[in-house]
Structures are given as structure tokens and as C-alpha cells.
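Working through the structure, step by step
This is what each chain is made of:
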Amino acid sequence: DQQVKQNSPSLSVQEGRISILNCDYTNSMFDYFLWYKKYPAEGPTFLISISSIKDKNEDGRFTVFLNKSAKHLSLHIVPSQPGDSAVYFCAASATSSGSARQLTFGSGTQLTVLP
Amino acid sequence: DSGVTQTPKHLITATGQRVTLRCSPRSGDLSVYWYQQSLDQGLQFLIQYYNGEERAKGNILERFSAQQFPDLHSELNLSSLELGDSALYFCASSVLGQGGYNEQFFGPGTRLTVL
């Protein structure tokens with residue numbers, strides 16, 4: 001049972017345009033959401049996060065939107081740059097009883113930004 | 001550079017063997033997490049340690065075990081290896097052990113190939 005889903009395995013956009021990556025989740029206990037970027041042969045790199053008490057968080061070119069009623073979040077990258085080409089993972093966490101926040105990851109979306 | 005180090009980078013071994021993967025967390029981080037990324041599956045949480053104690057278990061096989069030492073580095077032991085254990089193994093660390101929101105920082109991973 002996939003609790004975090006990224007339904008688009010790939011996305012191509014032109015340099016300078018907006019990239020929108022989507023993520024859906026099913027577990028209503030999730031209260032913290034993160035986006036990671038991953039290049040081949042490297043570990044995931046943290047990009048941006050949002051807690052469930054917010055609906056938007058912005059950091060430079062990256063904005064994450066959270067729609068709790070729809071259990072949906074999205075990552076907007078504006079403007080997109082060729083260096084943004086990578087696999088983007090959505091992740092979510094919830095506090096388990098007495099323990100910390102392991103992340104549940106989506107399957108990733110390969111973003112290609114075309115020059 | 002996330003500040004999380006993992007050794008070795010690559011490991012090639014035979015079925016039935018035992019290997020140990022090592023992780024050093026970022027300075028000051030008390031929590032260490034282990035994840036497995038197989039070709040047909042996304043990043044799967046295996047196990048988490050906080051300040052030397054096991055805090056959460058995910059989809060970790062009984063043939064696998066981990067520990068965190070007093071200097072906070074962690075080791076993941078994989079025994080009776082099978083072909084299906086071939087994967088990328090990532091270690092991540094974070095500041096907090098429980099409760100609060102915190103991002104995890106990932107190491108570069110160890111690629112394990114079982115022949």
C-alpha cells in the first residue's frame with residue numbers, strides 16, 4: 001500500500017518556465033512533508049518542507065503548496081533551470097508513539113529542464 | 001556535501017556472505033536512519049537510532065541488524081545475503097529524535113551488489 005504517490009514518473013519543461021511536481025498521500029496522520037532532489041550516484045538532497053499547519057512555504061525559486069483536504073502537495077520551481085534536472089522525491093512523516101519521524105517516500109519524478 | 005559520510009561507496013559480494021555498512025552522522029545529530037533503495041522500489045525506511053537506542057523499525061529483514069555507537073556512528077549489518085539484497089543503502093541523520101519537525105540529511109549511499 002503506497003502511502004505517498006507521485007503519479008508522474010517524468011516531466012519535461014523549458015528553461016525559464018515553471019515546473020510543477022505533484023504528490024498525493026493517503027495517511028491522514030502525516031503532518032510534515034518534504035521534497036528532496038536526487039542526482040545519480042548521490043544521496044537525496046533536502047530542498048524544502050512544510051508542516052500541516054501551513055498551506056504554503058517558499059524558499060527562493062521553490063514553493064511547496066499543501067492541500068490537506070485533498071491530501072495533495074505540489075512543488076513549484078520558478079524559473080526552472082537546466083541544473084534542476086534531477087529526480088524529485090516527495091516524503092512525508094508522522095510522529096509514531098514515542099519515536100521519531102521516519103520518512104515515507106514517493107517513487108520520484110524525473111524532471112528534465114530543456115535549454 | 002550533507003556532512004553525512006558513508007563507507008564503503010561500493011561493495012560487491014557473494015550470496016550467503018555478511019557485510020557491514022558504516023555511517024557517520026552530521027556533527028551534533030543524534031538520530032541516524034537507514035534506508036534501502038532497490039531498482040523496483042523507492043526509498044524504504046529500515047531502522048532508526050537515537051543517541052544509541054533503537055527508536056523505530058520499518059521494513060527491515062531479520063537478517064539485517066544495526067547499531068549506533070557512543071560516538072554516534074552507526075553500522076548496518078547484512079547477513080546471509082541474497083541476490084535481492086542488491087540495492088543502494090542510504091544513511092540519514094537529523095538533530096531531533098522525536099516530536100519536532102526536522103529534515104533528514106542523507107549520505108552519498110553504499111551500492112551493494114550481491115552476485
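Starting afresh in each chain, residues are numbered from 1 along the sequence in its written order. Numbering of ligands from 1 and lettering of chains from A proceed in the order in which they are written. Given that the model is predicted, a residue must reach a pLDDT of at least 70 before its local features are reported, and side-chain atom pairs must reach 80 or more before they are shown or counted; all residues, however, enter totals for whole chains, interfaces and linings. The side-chain values count all of the structure's non-hydrogen atoms but skip hydrogen atoms and water molecules.

**A closer look at the layout of surface pockets**
- For the largest pocket, the calculated volume is near 900 Å³.
- Around the largest pocket, the lining is made up of 37 residues, and of these Phe105 of chain A together with Gln41, Gly42, Leu43 and Gln44 of chain B lie nearest the centre.
- A run of H or I in DSSP counts as a helix once it spans at least four residues, and a run of E counts as a strand once it spans at least two, with each numbered from the N terminus. Looking at the lining of the largest pocket, the elements that each hand over two or more residues are β9 (86-93) and β10 (104-105) of chain A together with β5 (43-50), β9 (87-94) and β11 (110-114) of chain B.
- Its residues placed into classes, the lining of the largest pocket shows 14 nonpolar, 19 polar and four charged.
- A cavity here means a set of 1 Å grid points, computed over protein atoms only, where a 1.4 Å probe fits but cannot escape. A pocket is an open set with protein on both sides within 12 Å along at least 5 of 7 lines, and lining residues have an atom within 4 Å of a point. Grid points are joined across faces, edges and corners, and a volume is the space filled by probe spheres set on the points. The computed volume of the second largest pocket comes to approximately 230 Å³.
- Lining the second largest pocket are 14 residues, with Gly43 and Thr45 of chain A together with Asp1, Ser2 and Phe106 of chain B sitting closest to its centre.
- Broken down by secondary-structure element, the contributors of at least two residues to the lining of the second largest pocket are β5 (45-51) of chain A together with β10 (105-106) of chain B.
- Of the residues belonging to the lining of the second largest pocket, the class tally is seven nonpolar, four polar and three charged. Here the term charged refers only to Asp, Glu, Lys and Arg, the term nonpolar to Ala, Val, Leu, Ile, Met, Phe, Trp, Tyr, Cys and Pro, and the term polar to all other amino acids, Gly among them.

**Structural notes on the nonpolar core**
- Residues Phe33, Trp35, Leu73, Leu75 and Tyr88 of chain A are the most contacted members of the largest nonpolar core, which totals 24 residues.
- Those elements that provide at least two residues to this core are β3 (19-25), β4 (32-38), β5, β7 (62-67), β8 (72-77), β9 and β11 (109-114) of chain A.
- Looking at this core element by element, the count peaks at four residues for β9 of chain A.
- Contact between two residues is taken to exist if any of their heavy atoms lie within 4.5 Å; hydrogens are not considered. Every residue in contact with Phe33 of chain A, bar those within four places of it in the chain, is listed here: Tyr25, Ile48, Ser49, Ile50, Leu66, Leu73, Ala91 and Ala92 of chain A.
- In terms of nonpolar packing, the next biggest core, distinct from the first, is built from 21 residues, Ile60, Leu76, Leu78 and Leu112 of chain B among them. In this text, buried Ala, Val, Leu, Ile, Met, Phe, Trp, Tyr and Cys residues form a nonpolar core when linked through side-chain atoms within 4.5 Å. Each residue gets one of three labels from its accessible area relative to the maximum for its type: buried under 20%, exposed over 50%, partly exposed in between, using a 1.4 Å probe on protein chains only.

**Brief notes about the sheet that holds strand β3 (residues 19-24) of chain B**
Residues and elements named next belong to chain B.
- Strand pairing follows a simple DSSP-based rule, namely that at least 2 bridges must link the two strands. Pairing is antiparallel in the open sheet, where four strands are placed in the order β1-β3-β8-β7. Here the strands that pair on one side only, and so sit at the sheet edges, are β1 (5-7) and β7 (64-68). Mean inter-strand twist for the sheet, computed between neighbouring axes without regard to direction, equals 15 degrees.
- Judged from the five bridges that link them, β3 and strand β8 (residues 74-78) form a sheet pairing that is antiparallel. Note that in β8 the partner of Leu21 across the bridge is Leu76. Interaxial angle, 0 to 180 degrees, is taken between N-to-C directions of lines fitted to C-alpha atoms, where a helix line uses only the stretch in contact.

**Focus: the interface of chain B and chain A**
- Contact with chain B, which involves 22 residues of that partner, is made by 20 residues of chain A.
- Put simply, buried area is how much 1.4 Å-probe accessible surface two parts lose in total, over both of them, once they are put together. For the chain B and chain A pair, buried surface summed over both sides reaches about 1800 Å², with 62% attributable to carbon and sulfur atoms.
- What counts as a salt bridge is simple: a side-chain nitrogen of Lys or Arg found within 4 Å of a carboxyl oxygen of Asp or Glu. Along the contact surface separating chain B from chain A lie zero salt bridges.
- We call two N or O atoms a polar contact when they sit within 3.5 Å, provided that within protein one can donate a hydrogen and the other can accept it, with sequence-adjacent residues counted only if both atoms are side-chain atoms. Counting the contacts that link chain B with chain A gives two residue pairs in polar contact (both at pLDDT 80 or more).
- Of all the secondary structure elements, the ones that give two or more residues to the side of chain B that touches chain A are β4 (31-37), β5, β6 (53-57) and β9 of chain B.
- Class assignment of the residues belonging to the side of chain B that touches chain A gives a composition of ten nonpolar, nine polar and three charged.

**Re the pattern of salt bridges**
- In this structure the tally under the stated criterion is five salt bridges over all chains.
- Its salt-bridge partner being Glu58 of chain A, residue Lys56 of chain A comes within 4.0 Å of it at the nearest N-O pair.
- As a salt-bridge pair, Glu82 of chain B and Arg63 of chain B come within 3.7 Å of each other at their nearest N and O atoms. Highlighted residues: Glu82 of chain B in the loop between β8 and β9 and Arg63 of chain B in the loop between β6 and β7, separated in sequence by 19 residues.
- Note on Glu82 of chain B: relative accessible area 43%, which makes it partly exposed.
- Through salt bridges with shared partners, a single ionic network connects Arg63, Glu82 and Asp85 of chain B.

**Things to note about the pairing of strand β2 (residues 10-13) of chain B**
Residue and element names in this part refer to chain B.
- A one-sided burial pattern is seen for β2, the buried positions being Leu11 and Thr13 and the unburied ones His10 and Ile12.
- Pairing between β2 and β11: four bridges, direction parallel. Residue pairing across strands places Leu11 opposite Leu112, the latter belonging to β11.

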